[in-house]
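# Survey of secondary and tertiary structure
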Amino acid sequence: MILRWFGRKKPEEQARKDETTALLPEAVPAEPAPAEPTQETPVQEPPVPEPVAEEPPAPEPVPEPELPPPPAVETPPPPPIAPPSEPEERKDTPEIVRDDLPAALTAEEEKPKKGWFARLKDGLSKSSSKLTEGISGIFTKRKLDDEALEELEELLITADLGPTTAAKVTAELARTRFGKEVSPEEVKATLAAEVAKIVGPVAKPLEIDATLKPHVILVVGVNGTGKTTTIGKLARQFRAEGKTVMLAAGDTFRAAAVSQLKIWGERTGCPVVSRDTGADAAGLAFDALEEARRQGVDILLIDTAGRLQNKAGLMEELRKIVRVIKKVDESAPHTTLLTLDATTGQNAHNQVEVFRDMVNVSGLILTKLDGSARGGVLVSLAERFKLPVHAIGIGEGVYDLRPFDADQFAKSLMGLPSQ
Ligand SMILES: Nc1nc2c(ncn2[C@@H]2O[C@H](COP(=O)(O)OP(=O)(O)OP(=O)(O)O)[C@@H](O)[C@H]2O)c(=O)[nH]1
């Protein structure tokens, strides 16, 4: 596989970090789940006032699209047909690009010079220096006694590995080395091995089912956690693998989110299905899936809103998207990715709980591990939720996303060399 260059130009950046962390209370109160509507009774979005001034008012509830006739089992997909008269708000969707990547993606010179492990290690340096300095402080010329173990456990908790992981890892260290003098290097190596054991089972690459046309990937997460950027990075990877990709701008509440996705679409040569601000996100997802089917696209990536300040409204919107796309393909979405911003530390746990209640999250992508001193949170997430971690993001660039590798991550977190 040849990875080609992705454009020099960066997508417009959204200064939404504050928004992201502000959105999540320490513990998000449980909302009563709305009754699952039937087809005959389209859901009416409750008229909850939007607390954020910049967002447009909630759109008028749009009835769910008509259920198309069920596709016959074991029959090939219908031949491409021209869509019937378009609804008024619908815009033309560009045809899928089947040839080479756009020129912007083929420029090699700006590909990262360093290898992934070196960049991962650099990216995790804030997290690792906190740990390694702490370990050196505890274990320089000291025996592994109860007091040292207690200090180590505390250090691991403050580094976001979580109490369960911290207890497990220190217990393992005590089992093999108690009463002996241990060097900081030995401790780091033991911890790296234990961390790799914990995160190993969740390190699962994102698998695309080539028989699906399209394989539908729904991307959910709190605003600012990196959904749109991750979609752009994934789109480039899929395109570089020769797959055809369509993007759906499902965050219809924010005009900036739509234009950001369009920029990624242009750069990666992927058509973007979008609607006017305030349009019904489920209707858009439905149209996008129909269009992707019509064009025989390999992968459809659907962006979504992440306004947790209106949690009930968001839950209804996400569930409606899922319900509606199932009318086109009952097995969709085939993957539901939750993006988590590693800089939010333990707050990421709340986000998993909240989004798991809303949609059937099938895997995680941890973003911003580069800017975070809290990269250890990946370990506690793995321990607690056991959800696959498909990839990690270590920067804003298009090459800054890679499949999650347990061993590399554990070594980088402990500041150890790759061998
Ligand atoms: N350092 C770093 N920045 C990242 C990473 N992933 C995304 N970002 C940046 O985080 C910011 C938010 O990313 P978006 O992709 O817009 O997040 P979003 O979840 O789509 O947010 P909304 O558009 O508000 O829904 C942008 O400035 C991105 O460039 C990462 O892995 N590392």
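The rules behind these values
Residues numbered from 1 in each chain as written. Predicted model: local features only at pLDDT ≥ 70, side-chain atom pairs only at ≥ 80, totals over all residues. Helix = DSSP H or I, 4+ residues; strand = E, 2+ residues; numbered from the N terminus. Buried ≥ 20, exposed ≤ 12 C-beta atoms within 10 Å, placed from the backbone. Contact = placed C-beta atoms within 7 Å. Expected span 1.5 Å × (residues − 1). Arc of directions from axis to C-beta. Near = placed C-beta within 6 Å. UniProt positions renumbered as here; feature names shortened; annotations may be inferred. Core = buried A, V, L, I, M, F, W, Y, C linked by C-beta atoms within 7 Å. Pairing = 2+ DSSP bridges. Right-handed = clockwise from strand over helix to strand, strands pointing away. pLDDT = per-residue confidence, 0-100. Axes fitted to C-alpha atoms, helices over the stretch in contact; angles between N-to-C directions. Parallel < 35°, antiparallel > 145°, perpendicular 65-115°, else oblique. Left-handed = near helix turned anticlockwise from the far one by under 90°.

## Focus: the overall build of the protein chain
Counting secondary structure elements, the protein chain contains 14 helices and 10 strands. Here the protein chain holds 419 residues, and the buried ones make up 44% of them. Summarising the internal contacts of the protein chain: among those between residues at least 6 apart in sequence, 82% fall at separations of at least 24.

## Re unusual backbone geometry
Most of the time, phi is negative for any residue but glycine, and the peptide bond is trans. The residue after lysine 213, namely proline 214, is reached through a cis peptide bond having omega 10 degrees. By the secondary structure assignment, proline 214 is in the loop between α7 (184-199) and β3 (215-220). In the segment running from alanine 332 into proline 333, the intervening peptide bond is cis, with an omega of -5 degrees. Structurally, proline 333 is set in the loop between α11 (311-328) and β7 (335-341). In the Ramachandran plot, aspartate 160 falls in the positive-phi region, its phi being about 70 degrees despite a non-glycine side chain.

## Points about helix α6 (residues 163-177)
Here α6 is 15 residues long and its end C-alpha atoms lie 21 Å apart, about the 21 Å a rise of 1.5 Å per residue gives. For α6, the full list of buried residues reads Thr165, Ala166, Val169, Thr170 and Leu173. On an axial view of α6, the arc spanned by its buried residues comes to 120 degrees, and they lie on one face. Facing away from the buried side of α6, by more than 90 degrees, are the exposed residues Ala171 and Arg175.

## Some points on the site of the ligand
Close to the ligand lie 24 residues, the nearest being Asn223, Gly226, Thr228, Thr229 and Gly393. Elements with a minimum of two residues in the shell around the ligand: α8 (227-240) and α9 (255-268). In terms of residue count, α8 provides more of the shell around the ligand than any other element does, three residues in total.

## What about the UniProt feature "domain: Signal recognition particle SRP54 helical bundle" (unreviewed entry) in the protein chain?
Feature annotation in UniProt assigns "domain: Signal recognition particle SRP54 helical bundle" (unreviewed entry) to the following positions: residues 120-199. The distance from the first to the last C-alpha atom of residues 120-199 is 16 Å, and the span holds 79% helix and 5% strand.

## Some thoughts on the nonpolar core
Judged by nonpolar contacts, the single largest core of 97 residues is most densely connected at Val199, Leu247, Ala285, Leu300 and Leu301. The greatest single-element share of this core, amounting to eight residues, is contributed by helix α10 (residues 281-295).

## With respect to the pairing of strand β8 (residues 363-367)
Taking burial as the measure, the five residues of β8 include five buried ones, the bulk of the element. Here five bridges tie β7 to β8, and the two strands are oriented parallel to one another. The residue bridging aspartate 341 from the neighbouring strand is threonine 367, located in β8. Where the polypeptide runs from β7 across helix α12 (residues 347-358) and back to β8, its parallel neighbour, the crossover connection is right-handed. Pairing of β8 with strand β9 (residues 389-393) involves three bridges; the strand directions are parallel. Within the sheet, the bridge partner assigned to isoleucine 365 lies in β9 and is alanine 391.

## Brief notes about the confidence of the model for the protein chain
Mean pLDDT over the protein chain works out to 79, with 73% of the residues at or above the 70 mark. Predicted confidence is poor over residues 1-62, with pLDDT under 50, and the contacts of this stretch with residues over four places away or in other chains come to 103 contacts. Residue range residues 66-91 is modelled with pLDDT below 50. Its contacts to residues more than four positions away, or to other chains, number 13 contacts. With a pTM of 0.78, the predicted complex shows an ipTM of 0.96.

## Some words on the packing of α10 against α11
One way to put it is that α10 packs onto α11 with a least axis distance of 8 Å and a crossing angle of 30 degrees. Between α10 and α11, the angle falls in the class roughly parallel. In terms of crossing hand, the pair formed by α10 and α11 is right-handed. Facing Ala281, Ala282, Ala285, Phe286, Leu289, Glu290 and Arg293 of α10, the residues of α11 in contact are Glu317, Lys320, Ile321, Val324, Ile325, Lys327 and Val328.

## Focus: the packing of α7 against helix α14 (residues 406-413)
Packing of α7 against α14 leaves a shortest axis separation of 8 Å and a crossing angle of 145 degrees. Considering how the two elements wind past one another, α7 and α14 form a crossing that is right-handed. Facing Ala192, Val195, Ala196 and Val199 of α7, the residues of α14 in contact are Ala406, Asp407, Phe409, Ala410, Lys411 and Leu413.

## Brief notes about the environment of alanine 312
Looking at the secondary structure, you find alanine 312 in helix α11. Alanine 312 gets classed as partly exposed once you count the C-beta atoms within 10 Å, which come to 14. Spatially, the C-alpha atom of alanine 312 lies 18 Å from that of valine 219, the residues being 93 residues apart in sequence.

## What about α8?
For α8, which comprises 14 residues, the first-to-last C-alpha distance of 20 Å matches the rise-based estimate of 20 Å (1.5 Å per residue) to within 8%. Most of α8 sits inside the fold, with 13 of its 14 residues counted as buried. Glycine 242, located one to two residues past α8, shows a positive phi value of around 85 degrees.

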